[in-house]
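# Breakdown of the fold
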Amino acid sequence: MSASGFAPFEAIAVVGLGLIGGSFARDVRRLGLARRIIGYDNNSDYRKEISSLNLVDYLAATPDEKLAEAELVLLAVPVKSFTEVLAQIRPHLSASAIITDAGSVKSPLLKIMSAPEYAKMRFVGGHPIAGSEHFGPSAAQEKLFSGKRFILTPSQNTDPDVIRRVRELWESLGANVSEMDAEFHDKMFASVSHLPHLLAFASIQAIANSETPDALGHSGAGLKDFSRIASSSPEMWSDIFLENSENLLPRISTFKDVLSALEDAIKKKDQDKLIKLLAQAKTERDRWMS
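In this report, we go over the structure that sits alongside the text. (Residues numbered from 1 in each chain as written. Predicted model: local features only at pLDDT ≥ 70, side-chain atom pairs only at ≥ 80, totals over all residues. Heavy atoms only, no water.)

To continue, consider the packing of helix 6 (residues 182–208) against helix 8 (residues 234–243). Viewed as axis vectors pointing N to C, helix 6 and helix 8 meet at an angle of 130 degrees, and their least axial separation amounts to 11 Å. Here helix 6 lies oblique to helix 8, going by the angle between them. Considering how the two elements wind past one another, helix 6 and helix 8 form a crossing that is left-handed. On helix 8, the residues touching Ser193, His194, His197, Leu198 and Phe201 of helix 6 are Trp237, Ile240 and Phe241. (Axes fitted to C-alpha atoms, helices over the stretch in contact; angles between N-to-C directions. Helix = DSSP H or I, 4+ residues; strand = E, 2+ residues; numbered from the N terminus. Parallel < 35°, antiparallel > 145°, perpendicular 65-115°, else oblique. Left-handed = near helix turned anticlockwise from the far one by under 90°. Contact = heavy atoms within 4.5 Å.)

Here it is, written out as structure tokens:
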């Protein structure tokens, strides 16, 4: 048994060893949650970092016969890569292995896993609500998930033993685990995660495209705090925006409506309306985030 009372896996495989996958591997090793960690990453530069950081016991570019040893496989790859990665792991996977993921969009993978060729796989989706604007193996850190929320997105057909085992694993990593419907998850995170990231990128680009792009060099704490996430991986976030476009586009439309109302109040120098709009936003933020 590990220090937390969790019965360790003999072997866990991690496909994709960037910030999330690397942090997961680091803490699995630190806490003794698996006796061996098998790693895969198709980025040659990342593999050099992974080896130097000793994140895994075995490392290869793509899934191979070593994967058959894994009792659990974590997919920590961009959401658009799921179909390709599943095709790569399927020939080597143990029939009893548990498959889970750490993606920010849940419905696409759940739909893929409902296909006949994957029907017998023991799968449950997951999303750690943790991260950083930094990315790659060198960004991996201990205790990234400690005290953070983790959302499981099982379907009606998910094996309860799979849910239990994955829940216990993430709880052993220090996460607070809850369950949520995949479609509801994607709709909610379009609002509270995907839209804010989009706006952070957009705000920086809007300044860069202005008559005073060098103003960024004079920004204070407010802009730095708000725009920090615009330093996140463009490749990863473009995947998320496109994979969850059905839910994100209505949120963008709503934001445009709010922005238009603010613009109209400013144009008309209508301070009462402007104060009302700003007060509504302040009230909602204070209500949920204070």
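Anyway, onward from the coordinates.
The next thing to look at is the nonpolar core. Ile12, Phe24, Val28, Val166, Leu169 and Trp170 are the most contacted members of the largest nonpolar core, which has 36 residues in total. Among the secondary structure elements, those contributing two or more residues to this core are strand 1 (9–15), helix 1 (19–31), strand 2 (34–40), strand 4 (72–75), strand 7 (149–153) and helix 5 (160–172). For Leu169, the contacting residues outside a window of four places in its chain are Phe6, Phe9, Ile12, Phe24, Leu33 and Leu72. Within the second largest apolar cluster, 31 residues are counted, among which are Leu67, Met113, Phe123 and Ile240. (Core = buried A, V, L, I, M, F, W, Y, C linked by side-chain atoms within 4.5 Å. Buried < 20%, exposed > 50% of the residue type's maximum accessible area, 1.4 Å probe, protein only.)

A word on the sheet that holds strand 5 (residues 98–101). If you walk across this open sheet you meet the eight strands as 3-2-1-4-5-6-7-8, and the pairing is mixed. The two strands at the open ends of the sheet, each matched to only one other strand, are strand 3 (58–60) and strand 8 (176–179). Along the sheet, successive strands turn relative to each other by an average axial angle of 25 degrees, direction set aside. Taken strand by strand, helix 5 contacts strand 1, strand 4, strand 5, strand 6 (122–129), strand 7 and strand 8, and its axis lies near 30 degrees from that of strand 6. (Pairing = 2+ DSSP bridges.)

Here the focus is the environment of Lys111. The residue Lys111 is located in helix 4 (residues 107–113) in this model. A residue is classified by how much of its surface remains accessible, and Lys111, at 57% relative accessible area, is exposed. Along the backbone, Lys111 and Phe145 are 34 residues apart, and their C-alpha atoms lie at a distance of 27 Å.

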